[in-house]
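A look at the structure
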Amino acid sequence: MKSGLISGVRTIYQREAWVTGIFSWVKNLVANFRSQGVSTCASLCVTSLKNSYVRGQVFPFINIPIRLKEKELLGLYEYFGEQMLLDDRYIYCDLVVHSIYYAENKDPAHIQAMEQRARQIFKDNGYEIIAFEDGMATMTIDRGVLENEAGFTVLLNRLLENAIKMQADMEK
């Protein structure tokens, strides 16, 4: 099988190495990101005696969180059950709006006004939101960007900068 196949059709063995590489890019960007308080998980989920029978392999799908001051900020993943199916064209990116997701004031009118404001900010940034629920907005990312570290890093850096700026804008 060719190593240049698009991400969604790699074999399980190819996918493990590919996902590990993507995670490396994310960890590198997060480690060098100029904003304090941005973090990701320490390692990918590896099967162990407690969570599987066959041990030692990375779960071969992208599932990477990025946090801001220990609060969820962005999530990159390939699928979420029947809601977000695995697709050869794109992966998913969740962007969390802290003022809604972690809101203490759950008054429906207040939440609705904040959602409208968040939707406008997404639109102004050129993001096409495919789902928005409880302060978590989901968009797609073209899978092709995952084939080039430089392009992926530029995209993820922009997403992080916009997500952090959005948190500040939503608090105003």
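Residues numbered from 1 in each chain as written. Predicted model: local features only at pLDDT ≥ 70, side-chain atom pairs only at ≥ 80, totals over all residues. Heavy atoms only, no water.

Bringing the overall build of the protein into the picture now. When helices and strands are tallied, the protein shows 4 helices and 6 strands. If you list the helices and strands of the protein from N to C, you get α-β-β-β-β-α-α-β-β-α. For 172 residues, the compact-globule estimate of 2.2 N^0.38 gives 16 Å, and the C-alpha radius of gyration of the protein, at 17 Å, lies within 12% of that figure. Principal axes of the C-alpha set define a box for the protein whose edges measure 50 × 35 × 35 Å. Carbon and sulfur atoms make up 53% of the accessible area of the protein, which totals about 10100 Å². Across the protein, the mean location of the 19 positive side-chain charges is 4 Å away from that of the 21 negative side-chain charges. (Helix = DSSP H or I, 4+ residues; strand = E, 2+ residues; numbered from the N terminus. Rg over C-alpha atoms; globule rule 2.2 N^0.38 Å. Areas by Shrake-Rupley, 256 points an atom, 1.4 Å probe, with all protein chains shown as cover. Lys, Arg positive; Asp, Glu negative; His and termini not counted. Charge placed at Lys NZ, Arg CZ, Asp CG, Glu CD.)

Strand order in this open sheet of 6 strands is β1-β2-β3-β4-β6-β5, and the pairing throughout is antiparallel. The sheet is open, and its two edges are formed by β1 (38-40) and β5 (129-133), each paired on a single side. Averaged over all pairs of adjacent strands, the angle between strand axes in this sheet comes to 20°, irrespective of strand direction. Two elements, strand β2 (residues 63-68) and strand β3 (residues 71-77), share 6 bridges in a ladder whose sense is antiparallel. For L68, the partnering residue across the bridge sits in β3 and is K71. Packing against the sheet, helix α3 (residues 108-124) makes contact with β4 (90-96), β5 and β6 (136-142), and its axis sits at approximately 155° to β5. Across the sheet, helix α4 (residues 149-171) is in contact with β1, β2, β3, β4 and β6; its angle to β3 comes to roughly 150°. (Pairing = 2+ DSSP bridges. Axes fitted to C-alpha atoms, helices over the stretch in contact; angles between N-to-C directions. Contact = heavy atoms within 4.5 Å.)

We now examine the pairing of β2. The sheet contact formed by β1 and β2 spans 3 bridges and is antiparallel. Bridge pairing in β2 places S39 opposite R67. In this structure, the hairpin formed by β2 and β3 is closed by a connection of 2 residues, where K69 is found at a positive phi of approximately 50°.

As a further point, take the nonpolar core. Soluble, globular proteins show a tendency: their nonpolar side chains are buried together. Among the nonpolar cores identified, the biggest contains 47 residues, and I62, L74, F122, F152, L156 and L160 are the most heavily contacted of them. For this core, the secondary-structure elements that each account for two or more residues are α1 (12-32), β2, β3, β4, α3, β6 and α4. At 9 residues, α4 tops the list of elements feeding residues into this core. With residues near it in sequence (within four places) discarded, F122 still touches L95, V97, Y127, I129, F132, A137 and M166. (Core = buried A, V, L, I, M, F, W, Y, C linked by side-chain atoms within 4.5 Å. Buried < 20%, exposed > 50% of the residue type's maximum accessible area, 1.4 Å probe, protein only.)

It is worth spelling out unusual backbone geometry at this point. Although it is not a glycine, K69 sits at a positive phi angle of roughly 50°. Topologically, K69 is positioned in the loop between β2 and β3. Backbone geometry places E70, a non-glycine residue, at a positive phi of 70°. Looking at the secondary structure, you find E70 in the loop between β2 and β3. Given a relative accessible area of 66%, E70 falls into the exposed group.

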